[in-house]
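Inside the fold
So you can see what is in the structure, the chains are spelled out below.
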Amino acid sequence: MKVVGYKAAAGAALLALALAACGGGADKPKAGSTEAAAQAQEQAAALPGSSVNPVAYDQVKDGGTITLGLTQWQQQWNYNQVNGTHATVDDIYDATMPSMGKADDQAELVNNPDYVTEWKMELKGDKQVVTYKLNDKATWSDGKPITYKDFVAQWKALNGSDKKYQVSSTDGYDRVASVEKGETDHDVVVTFAKQYPDWKGMFSPLLPAATNADPAEFNKGWIDKMPVTAGPFKVDSIDQTGKTVTLVRDDNWWGKKAKLDKVIFRALDSGATVNAFANGELDAMEISPIAADLQRAKNVPNVDIRKAAAPNWRHITVNGSAPNLTDKSVRQAVQLGINREAITQSDLKDLDWPVQVLNNHLYMNTHKGYVDNSGELGKYNPEKAKQLLDAAGWTMQGDYRMKDGKELELRFIVPAAYPLAKQEGELTQAMLKDVGVKVKVEPVPDDKFFDDYIIPGNFDLVPFSWLGTPFPNGALPQIYKQPTGKDNYGSNFPRIGSPELDELIEKAAGEMDPAKYIELGNQADKLIWDEVHTIPLYQRPSIFAAKKTLANYGAFGFASIDWSSVGFTQ
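The paragraphs below set out a description of the structure included in this document. Here the structure is a predicted model, which means the values were calculated and not measured.

Rules and cut-offs
- Residues numbered from 1 in each chain as written.
- Predicted model: local features only at pLDDT ≥ 70, side-chain atom pairs only at ≥ 80, totals over all residues.
- Heavy atoms only, no water.
- Phe/Tyr/Trp six-rings, centres within 6.5 Å; stacked < 30°, edge-to-face > 60°.
- Helix = DSSP H or I, 4+ residues; strand = E, 2+ residues; numbered from the N terminus.
- Buried < 20%, exposed > 50% of the residue type's maximum accessible area, 1.4 Å probe, protein only.
- Axes fitted to C-alpha atoms, helices over the stretch in contact; angles between N-to-C directions.
- Parallel < 35°, antiparallel > 145°, perpendicular 65-115°, else oblique.
- Contact = heavy atoms within 4.5 Å.
- Nonpolar A, V, L, I, M, F, W, Y, C, P; charged D, E, K, R; others polar.
- Pairing = 2+ DSSP bridges.
- Arc of directions from axis to C-beta.
- Salt bridge = Lys/Arg side-chain N within 4 Å of Asp/Glu carboxyl O.

Turning to the packing of aromatic side chains, a few remarks are in order. This structure, assessed with the given rule, holds 23 aromatic pairs. Relative to Y132, the ring of W119 lies with its centre 6.5 Å away and its plane at 70 degrees, an arrangement referred to as edge-to-face. Taken together, the residues span a long stretch of sequence, with W119 in strand β5 (residues 116–124) and Y132 in strand β6 (residues 127–134) at a distance of 13 residues. On the basis of relative accessibility, which here comes to 13%, the residue W119 falls in the buried class.

Here it is in structure tokens:
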């Protein structure tokens, strides 16, 4: 799973507007009603799996440069390190680093022949064995071949046995008994100690053995640099001052020659991104859930708006390790005191996107496994919130609650340049004031949002989006499993969980039957709701604006991007 972080009126006035919007008008069903939910589900079902202006490779013009925006600047460029699992890094890796599989817009994965000419999974007795036949032309940019040694080193780095590796997830790797050489250096044999249905997502991205063999290199060796690559493009420069990554075509690439000469990524604030696109400085942009940005992009001449259903969702993470939130009943009161429908309506209004809350932490509204597991905790119930806070010993004194001489105050951290997050904070501030909880909305620099606040747990409440993969249950061990140590919490930023949830996570991780896989995922989701680890808001819109001549790029949904084919038609 990928993380994306960023993505004004006074809070009370904004809340009134949002609640009025939830009431709807005579021409539309009331938000939250059965009719509205059915209408939103119909809209969601009608969304395309991807929208990229598909053009055959031989009809794409040779040459050219594409310039794109990044949502934030990055220091750590090792995607598998806890500080590197970001959409920014993933954007660069798509063009430069090995991935063993490739997905279509229906989330069906096949082997990626540029790296793996054949893969096969067999059950041999009670053992699951996966074999990879590597493309013998595949090499790292330093000239070393990609071999079984890279797989062995990555397994050892990510399996959780050596706590010096600060990994974002051990998912899959912790279930492997051995990774060995097959007949040749280009044959890899992976034998599992415990079955793992999502094996097609492993070793993607793959990093070289030199990085994975040493914890210091793994944790620090990719800060402010990418030492090696292995894709259709390579890194020409990483400009810390200009916050720009420049990629150029790698002439040693063994696959289809990239159509473009160069790809430039610029880190821009939310408001600056739409300005740059409108001024012709960017060739495409992802549109945040801000209606004004969508309307402005629509008004740019010779532009397409490309939309698709995607496994991405917006939420508020609740820091259960923060002093005022260690009590689960307080976390539950906070959730009951937040009107998710009002925030969803406020965020998605005028975006031409289905307006519906998300009531599942694993499966999106458009996924076949989606079930509303929210129960009573998913309903806005400020009176119940007050009762829980009273029972927890937090009593009203004036406008806010106190306990043992301490005020119940929560820090709501937002990236300073992202107005939507500030709006969500002000809505939450007004809602929770009604139950006696003081919320301080705290803007922080965008490029510090993750590294200085979310990852180290320096927050009480924080809104951001998770970007999903074709393996929804992969979120369970990555995000919801109890931390194993101070520096080994994966992407469980609240640092909470339970033995019961861990037991279900373990069962779901090894379930090979697709129907039971989903059933176990939904059982786990009910426990996640009870913990109040994360408060889901909505399935995040995947909306891109792009120049009409830009081919094979846009809203990909589940589909993998083929950077060799991205380019212009004229």
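Alright, that's what it looks like, and here's the rest.
Attention shifts here to the packing of helix α9 (residues 328–336) against helix α16 (residues 514–531). Two elements in contact, α9 and α16, have axes separated by 8 Å at closest approach and are oriented at 95 degrees. Between α9 and α16, the interaxial angle falls into the category roughly perpendicular. Counting all contacts with α9, which are made through K328, R331, Q332 and Q335, the residues of α16 involved are W529, D530 and E531. Its residues assigned to classes, the contact of α9 with α16 shows 1 nonpolar, 2 polar and 4 charged.

This next bit is on the sheet that holds strand β10 (residues 244–249). By way of backbone hydrogen bonds, the strands of a sheet pair with one another, either parallel or antiparallel. Pairing is mixed across the open sheet formed by 4 strands, whose spatial order is β2-β11-β10-β9. Each edge of the sheet is formed by a strand with only one pairing partner; in this case those strands are β2 (65–70) and β9 (233–239). Going from strand to strand, the sheet's axes swing by 20 degrees on average, the running direction of each strand aside. The sheet contact formed by β9 and β10 spans 6 bridges and is antiparallel.

Take the packing of helix α7 (residues 270–278) against helix α8 (residues 291–298) next. For the pair α7 and α8, the least separation of the axes is 10 Å and the interaxial angle reads 10 degrees. As judged from the angle between their axes, α7 and α8 are roughly parallel. For the pair α7 and α8, contact is made by S270, V274, N275, F277 and A278 and by D293, R296 and A297, respectively. Classifying every residue of the contact of α7 with α8 by side-chain character gives 4 nonpolar, 2 polar and 2 charged.

Before going further, it helps to spend a moment on α7. All of the buried residues along α7 are S270, T273, V274, A276 and F277. Burial along α7 is one-sided: seen end-on, the buried residues are contained in an arc of 160 degrees. In the core, the buried residues of α7 are packed alongside β12 (284–286), α8, β13 (303–308), α12 (419–433) and β22 (542–547). Positive phi shows up at G280, right after α7, with a value of about 80 degrees.

Taken as a whole, this structure holds 27 salt bridges when the rule is applied. Its salt-bridge partner being R266, residue E281 comes within 3.3 Å of it at the nearest N-O pair. Within this pair, whereas E281 is found in the loop between α7 and β12, its partner R266 is found in strand β11 (residues 262–267), the two being separated by 15 residues in sequence. Its salt-bridge partner being R314, residue E424 comes within 2.8 Å of it at the nearest N-O pair. Taken as a pair, E424 in helix α12 and R314 in strand β14 (residues 312–318) lie far apart in primary sequence, 110 residues in all.

Let us look at the sheet that holds strand β7 (residues 176–181). Strand order in the open sheet formed by 4 strands is β5-β6-β8-β7, and the pairing between neighbours is antiparallel. Both edges of this open sheet fall to β5 and β7, since each of them pairs with a single strand only. Adjacent strand axes in the sheet meet at a mean angle of 15 degrees, parallel and antiparallel pairs treated alike. In terms of strand pairing, β6 meets strand β8 (residues 187–192) through 6 bridges, oriented antiparallel. Each bridged residue has a counterpart across the sheet, and for V129 the counterpart in β8 is T191. On the sheet, helix α4 (residues 148–158) packs against β6, β7 and β8 and is oriented at approximately 160 degrees with respect to β7.

This paragraph deals with helix α15 (residues 499–509). Among the residues of α15, those classed as buried are L501, D502, L504, I505, A508 and A509. Down the axis of α15, the sector holding all buried residues measures 165 degrees, keeping them to one side. The secondary structure elements touched by the buried residues of α15 are α14 (475–480) and α16.

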